[in-house]
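# Topology and contacts: notes
Chain by chain, the residues:
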Amino acid sequence: MVLLLFGPPGCGKGTQARMVSSWLGIPAISTGDLLRAEVEARTALGITAAEIMETGGLVGDGLVNAMLIRRVEHSDCARGFLLDGFPRTVAQAGFLDGYLASRQLPPGRIIYLDVERQTLVDRMSARRQCPVCGKIYNLLHQPPRAKGVCDNDGTVLIRRKDDHQSIIRQRLKEYDELTGPVLDHYRGPRVHSVDGDQPAERVFEDIAGAIQWAPEREPSSAA
Ligand code: AMP
């Protein structure tokens, strides 16, 4: 199964990606995380991406497409995978469609997390993340047990550079202009819309329900 978790920045894709991935036993691949790892490792891609990411823009389609393919060709993706934050442009969506067809994999199914604009801004402003295990917290609704440190490993939580007000606005603008139209590209029975403005467990139940209600017909040739 190939699942695409789709929605504006701050809609809860990262949190749900982890929950759905452990439920289905398929890897969750976040292009944002892959890019942040490239930035951290100071690769050529990372150096190019860093400046764009800091200003809330989108990294070029060619670079992101190539990076994604390198990741999904790993053996852990043979039974399927979940994408968080990809595709983010209509060009990326067309590229992914072509890639899945060429591998005789089923076309992706889209889970759209619907969340109101002001809620997105509030969530991103209050978001903190563990730089070691990646767990995401929200200071308002899902704070860590001990102030400022990760429940899992005690690491000091960080605020992503792009979770500051002016950058948040730019990311939402990029979403409206470039990423929103991806939903039109996929419009049809493969899109499951879920109310993302609920506690994480409820959102997860709705996603699981949507997947179970409309089970996918896996082609026999699918890996
Ligand atoms: P995210 O962690 O998904 O919010 O992504 C953080 C940032 O990484 C975005 O604001 C973009 O700058 C970049 N990024 C992530 N995924 C993509 C993508 N599919 N295409 C272009 N840029 C991306």
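Refer to the preceding data block for the structure.
Read on for a plain summary of the structure. Computed from a predicted model, the values in this text were never measured in an experiment.

Regular strands place side chains that alternate from one sheet face to the opposite one. The two faces of strand E3 (residues 81-84) match: Phe81 and Leu83 on one face and Leu82 and Asp84 on the other face are all buried. Note that strand E1 (residues 2-6) and E3 share four bridges and pair parallel. Among the inter-strand pairings, Leu4 is bridged to a residue of E3, identified as Leu83. Two elements, strand E2 (residues 28-30) and E3, share three bridges in a ladder whose sense is parallel. Its bridge partner being in E3, Ile29 is matched across the sheet by Leu83.

A few words on the site of the ligand. Neighbouring residues of the ligand: 16 residues in total, closest Thr31, Arg36, Gly57, Gly85 and Gln92. Within the backbone of Gly57, a nitrogen or oxygen atom sits 2.5 Å from an oxygen atom of the ligand. A distance of 2.9 Å separates a nitrogen atom of the ligand from a polar side-chain atom of Arg88. If the ligand stood free it would expose 480 Å²; the protein chains cover 96% of that surface. Top contributing element to the shell around the ligand by residue count: helix H2 (residues 31-40), with four residues. Partitioned by chemical class, the residues of the shell around the ligand number six nonpolar, five polar and five charged.

Moving on: the packing of H2 against helix H3 (residues 44-54). The N-to-C vectors of H2 and H3 enclose an angle of 115°; their axes lie 7 Å apart at closest approach. For the pair H2 and H3, the crossing hand works out as left-handed. Contact residues: Gly32, Leu35, Arg36, Glu38 and Val39 in H2; Leu45, Gly46, Ala49, Ala50 and Met53 in H3. Taken together, the residues of the contact of H2 with H3 break down into six nonpolar, two polar and two charged.

Bringing the packing of aromatic side chains into the picture now. Under the definition given, this model contains three aromatic pairs. Pairing Phe6 with Tyr112 gives two aromatic rings, centres 6.2 Å apart and planes at 45°, and the pair type is tilted. Highlighted residues: Phe6 in strand E1 and Tyr112 in strand E4 (residues 109-114), separated in sequence by 106 residues. Summarising the burial analysis for this pair, Phe6 and Tyr112 share the class buried. Among the aromatic side chains, those forming a connected cluster through ring pairs are Phe6, Tyr112 and Tyr175.

In this model, the largest pocket occupies a volume close to 800 Å³. Ser30, Gly32, Arg36, Gly85 and Arg88 are, among the 45 residues lining the largest pocket, the residues nearest its centre. Mapped by element, the contributors of at least two residues to the lining of the largest pocket are E1, helix H1 (13-24), E2, H2, helix H4 (61-72), strand E5 (127-129) and helix H7 (165-186). No other element matches H2, which puts six residues into the lining of the largest pocket. Looking at side-chain class alone, the lining of the largest pocket contains 19 nonpolar, 14 polar and twelve charged residues. Volume-wise, the second largest pocket comes out at about 600 Å³. Lining the second largest pocket are 19 residues, and of these Arg36, Ala37, Glu40, Ile158 and Arg160 sit closest to its centre. Residue assignment for the lining of the second largest pocket shows that the elements contributing at least two residues are H2 and H3. For the lining of the second largest pocket, a count of residues per class yields nine nonpolar, two polar and eight charged.

Turning our attention to H3. Among all positions in H3, only Leu45, Gly46, Ala49, Ala50 and Met53 are buried. An end-on view of H3 places all buried positions within 130° of arc, on one side of the element. Of the residues in H3, the exposed ones pointing more than 90 degrees away from the buried face are Ala44 and Glu51. Here the buried face of H3 lies against H2 and H4.

Criteria and cut-off values
- Residues numbered from 1 in each chain as written.
- Predicted model: local features only at pLDDT ≥ 70, side-chain atom pairs only at ≥ 80, totals over all residues.
- Heavy atoms only, no water.
- Buried < 20%, exposed > 50% of the residue type's maximum accessible area, 1.4 Å probe, protein only.
- Helix = DSSP H or I, 4+ residues; strand = E, 2+ residues; numbered from the N terminus.
- Pairing = 2+ DSSP bridges.
- Near = heavy atom within 4 Å.
- Polar contact = N/O pair within 3.5 Å; in protein donor to acceptor, adjacent residues only side chain to side chain.
- Areas by Shrake-Rupley, 256 points an atom, 1.4 Å probe, with all protein chains shown as cover.
- Nonpolar A, V, L, I, M, F, W, Y, C, P; charged D, E, K, R; others polar.
- Axes fitted to C-alpha atoms, helices over the stretch in contact; angles between N-to-C directions.
- Left-handed = near helix turned anticlockwise from the far one by under 90°.
- Contact = heavy atoms within 4.5 Å.
- Phe/Tyr/Trp six-rings, centres within 6.5 Å; stacked < 30°, edge-to-face > 60°.
- 1 Å grid on protein atoms, 1.4 Å probe; cavity = no way out; pocket = protein on both sides within 12 Å on 5 of 7 lines; lining within 4 Å.
- Points joined across faces, edges and corners; volume = space filled by probe spheres on them.
- Arc of directions from axis to C-beta.

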